[in-house]
Number of protein chains: 2
Amino acid sequence: MGKLYVVGIGPGSHEDMTPRALNAIQNADTIVGYNTYIKLIASLIEGKKVIGTAMMQEVDRCKMAIEEAKTKERVAVVSSGDAGVYGMAGLILELALKLPKNERPEAEIIAGVSAVNAAAAVLGAPLMHDFAVISLSDLLTPWELIKKRAAAAAQADFVVALYNPKSKKRIEQIEQIRTIMLEHKSPQTPVGIVRAASRDGQSMTISDLENFTKEPIDMFSLVIIGNSKTFSQEGFMITPRGYEV
Amino acid sequence: MGKLYVVGIGPGSHEDMTPRALNAIQNADTIVGYNTYIKLIASLIEGKKVIGTAMMQEVDRCKMAIEEAKTKERVAVVSSGDAGVYGMAGLILELALKLPKNERPEAEIIAGVSAVNAAAAVLGAPLMHDFAVISLSDLLTPWELIKKRAAAAAQADFVVALYNPKSKKRIEQIEQIRTIMLEHKSPQTPVGIVRAASRDGQSMTISDLENFTKEPIDMFSLVIIGNSKTFSQEGFMITPRGYEV
């Protein structure tokens, strides 16, 4: 019985991938992942067996990885960012734990630099204080619950990071979230939008809660909405920790 | 005028530090940081000028780093985990932006694997869905606001990660947070406690909301409280993303 490594490869560049993740990938017999992430590590996995799948085949992908680990020594399942944040860590463990113990490969989760931390670094220091992370994808979560979470986070003055803010088909949700945020936060609250952090074509914009949805936002974007103390200055978005300066 | 690198060194082990962070440290003329973090990278900085300070001297530390960058080419300010999560990124930028442009060193923020992601990997996959990060330290934040945030996060069924849950002097807050959580979450909600993730002496415990404050918790611990779907099984704490499995 082999071992599964569930690997967060970081936001994109190999410069942002930890040695632990790199070793797990380089030592693996088989690499399993969503095709877009496989491309990010193509130069590291030449000659290896690769099981790449399209988006929205997460369950199949994880089942294939577990099956593969029954005959191979080491199988690496890759997620971008951190595998434990909307990644493959949970699904691999859920599926593995359904198997009888003698048919179950060992699993190790390897943390990576999460997309929210990478995006924050591009903007300056927008997190820095208590923050909430919310995915706007309603494929697996009822939209009413997502709205409830957004309202609760806004009302308690959290910095709010939005994953999956918008896609080609899903364009209205971000407007609804903006309306919810405006019920609790000032229209001048800084909002940072980072696209493709740490990848080719990285871009960032700092706008405000009143106007940010006029900016280009897509499924590769991460949106960070400040708290009541957040300010923007000369291309940086900063949430003070609270020190007297 | 030199350049400041605000570097997240990751949770502890060099295996969890990105090449970008390693390069910034190795290429720096001067290293500035809290003594505990300086020790974690001692083997990387032999022969370099080191400005180590005690805890709670954050403003002085950052002022020294900025001063140092006026005469040195490269200065690295190190934080454990990610420098943008309760780290030095915000303070460095706040202080630097107060200077006239011609006296201001350039600053680059380098993201690291955050403590919450490292702790989550040790526990299995407890984040995986929308989550809130809250520090229980009330040195810089009114305790009433911290309680308000905890209540909002619990009421909207976020997974909740607690930084600085307890110290030698501050032992009552975690009990108050437990009480607030119990108003909205089941007593059986899994709670993971990870101490010194990715460092020597790493340990973890999975308990529940009813009982977790009976476990050892200190300032090197990170506490993760599940949402209504989180379960624990055979030493893993898992929050399902919502796939049918």
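Residues numbered from 1 in each chain as written. Chains lettered and ligands numbered in written order. Predicted model: local features only at pLDDT ≥ 70, side-chain atom pairs only at ≥ 80, totals over all residues. Heavy atoms only, no water.

Counting buried positions along helix H4 (residues 89–97) of chain B gives 9 out of 9 residues, so the element sits mostly inside the fold. Every buried residue of H4(B) is accounted for by B:Ala89, B:Gly90, B:Leu91, B:Ile92, B:Leu93, B:Glu94, B:Leu95, B:Ala96 and B:Leu97. (Buried < 20%, exposed > 50% of the residue type's maximum accessible area, 1.4 Å probe, protein only. Helix = DSSP H or I, 4+ residues; strand = E, 2+ residues; numbered from the N terminus.)

To continue, consider the relation of the copies chain B and chain A. Superposition record for chain B on chain A: RMSD 0.0 Å, screw rotation 180°, translation along axis 0.0 Å. A rotation of that kind, with that shift, is consistent with a two-fold axis. (Least-squares fit on C-alpha atoms with pLDDT ≥ 70 in both.)

This part is about the sheet that holds strand S2 (residues 30–34) of chain B. All names here are of chain B. Overall, parallel pairing links the 5 strands, which are arranged S3-S2-S4-S1-S5 in an open sheet. Every other strand in the sheet has two partners, leaving strand S3 (49–53) and strand S5 (106–110) as the edge strands with one partner each. Averaged over all pairs of adjacent strands, the angle between strand axes in this sheet comes to 20°, irrespective of strand direction. Most of the contacts of helix H1 (residues 19–26) go to strand S1 (residues 3–8), to which it runs at about 135°, and overall it touches S1, S2, strand S4 (74–79) and S5. (Pairing = 2+ DSSP bridges. Axes fitted to C-alpha atoms, helices over the stretch in contact; angles between N-to-C directions. Contact = heavy atoms within 4.5 Å.)

Before going further, it helps to examine empty space enclosed by the protein. Sizing a probe to match a water molecule and rolling it over the atoms shows the empty space that remains. Under the defined criterion, the tally for this structure stands at 1 cavity of 30 Å³ or more. In terms of lining, the largest cavity is formed by A:Val116, A:Asn117, A:Phe131, B:Val85, B:Ser114, B:Val116, B:Asn117 and B:Phe131. Among the elements of the structure, helix H5 (115–123) of chain A together with helix H5 (115–123) of chain B are those that each provide at least two residues to the lining of the largest cavity. (1 Å grid on protein atoms, 1.4 Å probe; cavity = no way out; pocket = protein on both sides within 12 Å on 5 of 7 lines; lining within 4 Å. Points joined across faces, edges and corners; volume = space filled by probe spheres on them.)

The next thing to look at is the interface of chain B and chain A. Residue-level contacts link 72 residues of chain B with 72 residues of chain A. Summing the contributions of chain B and of chain A, the shared interface buries around 6,400 Å²; its carbon and sulfur component is 60%. On inspection of chain B and its partner chain A, the count reaches 10 salt bridges. The salt bridge involving A:Arg20 is made with B:Asp16; its shortest N-O contact spans 2.8 Å. Put simply, chain B and chain A have 30 residue pairs in polar contact (both at pLDDT 80 or more) between them. Among the elements that make up the side of chain B that touches chain A, the one with the highest residue count is H4(B) (7 residues). Residues that form the side of chain B that touches chain A fall into these classes: 37 nonpolar, 19 polar and 16 charged. Pairing of strand S7 (residues 131–135) of chain A with strand S7 (residues 131–135) of chain B, which is carried by 3 bridges, proceeds in the antiparallel orientation. Bridged to A:Val133 within S7(B) is B:Phe131. (Buried area = accessible area lost by both parts, 1.4 Å probe. Salt bridge = Lys/Arg side-chain N within 4 Å of Asp/Glu carboxyl O. Polar contact = N/O pair within 3.5 Å; in protein donor to acceptor, adjacent residues only side chain to side chain. Nonpolar A, V, L, I, M, F, W, Y, C, P; charged D, E, K, R; others polar.)

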